[in-house]
Amino acid sequence: MEATPLLAAERIDKRFERRLDFAGRLAVKLGAAPSNETVHALDGVSLAVRRGEVLGVVGESGCGKSTLGRILAGIMPASSGRILWQGADRDRLTGTERRTVKLAVQMVFQDPASSLNPRMRVADIIGEAPLVHGQVTRAELDDYIDTILRDVGLDPAMKQRYPHQFSGGQRQRIGIARALAVEPQCIIADEAVAALDVSIRAQIINLFDELRQKRDLTYLFISHDLGIVRFIADRVVVMYLGRVVESAPTSALFAAPNHPYTVALLAGAPRLEDRKRAFAAIEGEIPSPLNPPRGCHFHPRCPHVMARCREEAPRLSEIAPGRLSACHLNQA
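Here the structure is a predicted model, which means the values were calculated and not measured.

Asker: I'd like a description of the sheet that holds strand 9 (residues 235–240), backed by residues and values.
Answerer: On the basis of which strands lie adjacent, the open sheet formed by 8 strands has the order 6-7-8-3-9-10-12-11 and mixed pairing. The open sheet has two free edges, formed respectively by strand 6 (105–108) and strand 11 (317–320), since each of these has just one partner strand. Going from strand to strand, the sheet's axes swing by 25 degrees on average, the running direction of each strand aside. Two strands pair when backbone bridges link them, and strand 3 (residues 54–58) and strand 8 (residues 218–222) are joined in this way by 4 bridges, in the parallel orientation. In the sheet register, valine 57 faces strand 8, and the bridge partner there is isoleucine 222.

Asker: Explain the layout of surface pockets residue by residue, including any values.
Answerer: With a probe scaled to a water molecule rolled over the atoms, the places where space remains empty come into view. Taken as a whole, the largest pocket holds about 860 Å³ of empty space. Forming the walls of the largest pocket are 33 residues, and the residues nearest its centre are Ala73, Gly74, Ile75, Lys102 and Val105. For the lining of the largest pocket, the secondary structure elements donating two or more residues are strand 4 (80–85), helix 3 (95–104), strand 6, helix 5 (122–132) and helix 7 (168–180). Its residues placed into classes, the lining of the largest pocket shows 19 nonpolar, 6 polar and 8 charged.

Asker: Report on the sheet that holds strand 4, specifying residues and quantitative values.
Answerer: Taken in spatial order, the 4 strands line up as 2-1-4-5 in an open sheet, and their pairing is antiparallel. A single partner strand is all that each edge strand has here, and the edge strands are strand 2 (37–49) and strand 5 (88–89). Pairing of strand 1 (residues 7–18) with strand 4, which is carried by 5 bridges, proceeds in the antiparallel orientation. Paired with alanine 8 across the strands is leucine 84, a residue of strand 4.

Conventions we followed
- Residues numbered from 1 in each chain as written.
- Predicted model: local features only at pLDDT ≥ 70, side-chain atom pairs only at ≥ 80, totals over all residues.
- Heavy atoms only, no water.
- Pairing = 2+ DSSP bridges.
- Helix = DSSP H or I, 4+ residues; strand = E, 2+ residues; numbered from the N terminus.
- Axes fitted to C-alpha atoms, helices over the stretch in contact; angles between N-to-C directions.
- 1 Å grid on protein atoms, 1.4 Å probe; cavity = no way out; pocket = protein on both sides within 12 Å on 5 of 7 lines; lining within 4 Å.
- Points joined across faces, edges and corners; volume = space filled by probe spheres on them.
- Nonpolar A, V, L, I, M, F, W, Y, C, P; charged D, E, K, R; others polar.

Right, here's the structure in full:
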């Protein structure tokens, strides 16, 4: 592996301001003192994606993993922190370098039905970006689209159809083809198989793996499905309420999770070898990102909570070579 990651996030914060609605503004006029609410989506998130690997990002709904994916893909800005591309600050790049980096990271979304323009034919959906960016000429475009469609397992004869004329699995293949069309180096897959039937999920996962080998791709694979992440990822990052709580090679994390949240998350995941075990959800509710708890965000649900956890946020520290965890139990 290279010393410099292909793509990295450094201390990324993301805040969303929720403006006062009509009732709130009326209350202000009547003398009340409500204020705009701030959603703390990401809180100091750092991670690195190495060239050629599949990095899985997991966590419960609302943990910020999709927001992180969009920031890494350049779709939305961070409130603070840096995104690095091969060690260079992406926001400081200009001209050709900035355009190259923008094309180098592409995203595949969860719901292909809503992420594909229903008024565009498949040929236009796939061919628009490479044509605009000068990666192919108009004379080369037809053959180029045909090649990409074959790579994702679709018949080029269907390229004049509209998205609604395809099945869910086929639409997701079109979404993958659109991402591949600009020849990216890294693909961020945000719950890319969550909306598909179980039988189709395996086909799409295998397609991702085939494309990785054929095109030398790097993946950031966001999912709540631990079984899929265990199958496809080389390393796993676990997020909770906007923070990274653990990071480890996949085999090590599933064999011996360290952080109490990771332990609880894996304990609730069904496995074939544990058919007779009763599964239980993690106790307690996820705190609101409008008002996250002080200290360790997981402490209201943690069975090992200490006084220190309620006041001091644990640092993400190395607990073994290649393994990071943010828990005061490791520093006790």
